[in-house]
Structure formats: C-alpha cells, structure tokens
Amino acid sequence: MAYQVTAECINCDACEPECPNEAISSGSDFCEIDPHRCTQCVGHYDQPQCVAVCPIDCIVLHPDYLETRDDLERKYARLKAEGRWG
Amino acid sequence: MSALARIGDLVERRRDVVAAAQWVMAAIYFGLLLTPLLAPVGAGVGRFAEQAALWEEALFWGVWWPGVILVTLVFGQVWCGLLCPDGTLSEWASRRGRAHKPSRWLRSAPWPILGFSLVALASDLFDAHRSPLGALAAVGAVSATAIVSGGYWGRGKRIWCRWLCPDAGVFSLLARAAILHFRVDRAAWDAAPRPPPKAVDCPLLLDVRRLTGNEKCNMCARCSGHRNAVVLAVRAPGAEIVTLRDDELRLSDAASIVFVLVGLTFVGLHWRQWPWRQGLVDVLGPSRLAEIGLGAVEIALAAGVLGAALALGLWAAALGRRESALRLAYALVPLAGLGLFAGLAEHALALLAREGWATTDALIALRTLAVVVGAAWSLPLGRPALPATPGRRVLSFALWSALVVAVAALYRFAPFPVL
C-alpha cells in the first residue's frame, strides 16, 4: 500500500525532504503523497521515513492502494528506471 | 523588512541567548519557590530574613504572576515561549525522554482549562499564596508534571505547553487580544522552493502554514523567516477577536472566559474577603475541616453563580442570538485579563500594607486604571456582535455597555485583600 497524509497534518515540513521518492508535496491545505511514487521506502530504507519523522502520526496506509511487497519493489524499479536515483 | 520582523529573526538566530535566559529564569523561579521552605520565617530568624521573605513573597505572587498576565494580554504568550521554566524543563526532558507521539485523547480534551480550574482550587485549599508548602504543592506539582510529560511525549517538543499546561488554559484566551503575532504569508509559503531546507521548528507542533491566530502560539520565534513567509508583526489590539469567523467561535472558549477567566479567578481572589462569605462560615461553624471542605465547594459554587449571571447578561446583550453571545464573551477578554492582573498585583500591595506601608491609594489607583482601560478595550470589540437593524443595534449596544460597566464595577468595588 502507499501512504497518505490525513487532515491532522500540521504542515511541519518534516516529511517532504525525507521522502527518497519525492512523492510528498505541500498540497492545497496539508501535505499530500503521490500514491504512484510511494513505495513505503521499499528499495531505500527498512522503514517508511515519513512515518518515522511525522511528529503526530498523521501518515497512514492508503486503503485504495493495496500493494504487495513485490508490487512495491516493481514500483521502485520503475521509478529508478526513470533516472531519479542511482 | 520591518523592525519587528528583524527582531523575530534575531530571536530565531540567537537560540543560545534565549536558552541561557530560560535557564537563568528557571533558577530564579525555583529559588523563589524553594527558598522559603529551606529558610522558614519564624522564631529565631532575624529581621533581615523576615524582610527578605516578605519581598520574595511579594515578588513571586504580586509582581511575577501579574506581570506575566499583563505581558500575555498585551504582547501574546512571549513569556511561555522565551522564559517559562516549566516549558524549558519540559522541552529539556522531551529531548531525553521516551519520545512518544501525542495521543489522540491528549489532543482532544480541554485539559488546560480543567487543569487551571483544579490548580486554582488547590491553590486556595493549600493556601498557596501564604504558605511556602502550599505554594510547592500547587505550583511545584505543575512543574513536576511538566517534566514528567516531557519525558514521555514529544521529541524535543513542548507537548506540555500545547495540550496540558494549566496556565495555557487562560493564556491562550488572553493572547487573542494581543497586539503582536506571527503573520504567515500563505502565498509566499506555497511559492517557496521545494523541498524546504528544514522542517519548521515549532515546539508546540502548530500548523504554522495555516496559522491565523495567537491562541496556541508561544511566540518563541523559531518559525520566524521560515520559507520567507513568517514574520513578527503588529496588529490592532483585539484584532483577532473582532475578525473571528463564525466557524471559529467555540462554546468551550466562551464557557472558559465566563466561568473561569472571570468567574473562578474573581472568586478565588476576592471571595474570602466578601462580607456575605463570613456570615456563611459563622453559620456553618469554625472547624478547619468545614473550612477546607467548604473551601472548594463554595468557590466552585460562587464561580458558577457569577459565571451563570454573566452568561445570562451576554445572552441578553446578544438579544438571544448564539453567535453574537459567543462573540461578546470573547470581547470580555481584555477587561477580564486586566481585572485578573489587578487582583494579583494587589497581593503585593496588601503584603506591604501588612508591614505598615500606606498602600490604599495605590490599590485604588491600580484597580481604577485596570478596569477603565479594560472596559475601554473590551467595549468596541463587541461591535461585530451587534445586529444590523438600527433599533435592535442600539438596544444590543446599550445592554452590552451596561454589562461591561457591571463587570468593571465588580472588579473595581470588590473587597480589598486582607493578609
């Protein structure tokens, strides 16, 4: 699954620079995560960095994007192929 | 860039100086709290020590606390963000503690105003204004809780100040009338380069991007200059109150203003001197148990009666309209804040009077000045609550004016403190 930011977000700017996939943006009122770029940090870290740094636990799994570990690894490979990293 | 904005940025850059000032203040604070316990005034203590204890009591209760109330009302919660010892210690503990994220139950209940009410009652029961042990029980317990909460919640944040501090229950109301605030340029924020070079450093975890008021802002200036969108700025006194949108009006705030900021603090400061009250004690008997048990109940009851009468007055002045009554409650903040300031400051003058100083004229002048300024500040803040129809508008304004005068008279003519 990709992650999403709930309306409890306080716009602290902590998560955006931590995302290795550049999936997080400011959004109209609070931060947003592009589900097509979120790999739950699979391919980069052992745990999701945005969840780790969020001071109020407002980043939760997105129920509309059910993905297995294999799906996330494929997504990571696709993003890598786009040439953002490595 | 304005001078104020430069000051905000300077405070943001010189965190080292602010931190040093905070630790000095913490040392002074705990010195004032603990010294009377370690060196009690009594038989065998010299005149110098007695005088020192007197001045210390006057400084702690009669200058320090009213000073904090006045500064918060005029400039916002500057004390909290820059000097408060409890906040300093709580943040210090939070940097070394278990770093739990604040739970939903912590964030969703009005703990501060409930805590303030409990501390006010406890201060009265423990005789905190006159007894060093009572002061330690009431005020010291709050400091201990601040440290413990910091050790449990937050990662170098001030969870205590945001969701728990009892004083914040009142300060967050007073700060809405203040002339200073951190103004956020939303367009500049959104247009700033991405990703941001660092997270916004708000120890209270406020949504700075959407910050529009002083309610929870501790004015610590750590967000000053973030994304080139946050600046310290001046505004008209009470501007935040008159521009509150209908969806920002809260019944809980109005109840806090009416029953706590006015009701409980007035009763706590003045009820024991009230002539009717002594008659009640005479009827019930002089036992200490009755005195203690009655203390909390009678203060809560008296505060409830005063608050209910005030709420009725607001409802009448609003001509029965809910939103207008809520707006008028917010408009009472300056008068209530200055009434509280005067009531606390009178403690120092009463102490000096006990030592033979002539302070009656100063007491009268202080009260008169406080209520006149408070009434003149509060009265125009009620204007947005008035109805549009000319006849009803005149009636509503007349009732609102009468209510402001009545509250001002209550503060002005309350019995003087006796120590």
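Residues numbered from 1 in each chain as written. Chains lettered and ligands numbered in written order. Predicted model: local features only at pLDDT ≥ 70, side-chain atom pairs only at ≥ 80, totals over all residues.

### Brief notes about the overall build of chain B
Counting secondary structure elements, chain B contains 19 helices and two strands. A compact globule built from 419 residues would reach a C-alpha radius of gyration of about 22 Å, and chain B, at 22 Å, matches this within 12%. Once the C-alpha set of chain B is aligned to its principal axes, its extents read approximately 70 × 65 × 40 Å. Pairs at least 24 residues apart make up 83% of the contacts formed inside chain B by residues separated by at least 6 positions. (Helix = DSSP H or I, 4+ residues; strand = E, 2+ residues; numbered from the N terminus. Rg over C-alpha atoms; globule rule 2.2 N^0.38 Å. Contact = placed C-beta atoms within 7 Å.)

### So, the domain arrangement of chain B
Residue and element names in this part refer to chain B. Once the domains are mapped, chain B shows domain 1 (3-176) and domain 2 (247-413). Measuring from the centre of the C-alpha atoms in domain 1 to the corresponding centre in domain 2 gives 24 Å. Domain 1 puts 25 residues into the contact, and the matching count from domain 2 is 28 residues. When residues of the side of domain 1 that touches domain 2 are assigned to their parent elements, the largest contribution, eleven residues, is made by helix H3 (residues 47-75). Of the residues assigned to the side of domain 1 that touches domain 2, the class counts are 18 nonpolar, four polar and three charged. (Domains from an automatic or database assignment. Nonpolar A, V, L, I, M, F, W, Y, C, P; charged D, E, K, R; others polar.)

### Side note on the interface of chain B and chain A
Across the contact, 17 residues belong to chain B and twelve residues belong to chain A. By residue class, the composition of the side of chain B that touches chain A is nine nonpolar, no polar and eight charged.

### Examining the nonpolar core
Residue and element names in this part refer to chain B. In terms of nonpolar packing, the biggest core is built from 126 residues, with Ile-257, Val-262, Leu-328, Ala-329 and Leu-332 touching the most fellow members. In terms of residue count, helix H17 (residues 333-354) provides more of this core than any other element does, 13 residues in total. Counting only domains with at least three residues in this core, you end up with domain 1 (3-176) and domain 2 (247-413). In this structure Val-262 touches Ile-257, Leu-306, Gly-307, Leu-310, Leu-332, Ala-336 and Val-407, once residues within four positions along its chain are discounted. Counting residues in each nonpolar core, the second largest holds five residues, with Ala-128, Ala-135, Ala-138 and Val-139 among its members. (Core = buried A, V, L, I, M, F, W, Y, C linked by C-beta atoms within 7 Å. Buried ≥ 20, exposed ≤ 12 C-beta atoms within 10 Å, placed from the backbone.)

### Here we look at unusual backbone geometry
Negative phi values dominate among residues other than glycine, just as trans dominates among peptide bonds. Although it is not a glycine, A:Asp13 adopts a positive phi angle of roughly 70°. With respect to the helices and strands, A:Asp13 occurs in the loop between strand S1 (3-5) and strand S2 (24-25).

### Remarks on the pairing of strand S1 (residues 180-184) of chain B
Put simply, side chains in a regular strand alternate between the two faces of the sheet. All names here are of chain B. Within S1, four of the five residues are buried, which leaves the element mostly enclosed by the surrounding structure. Here S1 runs beside strand S2 (residues 230-234); their pairing, made up of five bridges, is antiparallel. Note on S2: the bridge partner recorded for Leu-180 is Val-234. (Pairing = 2+ DSSP bridges.)

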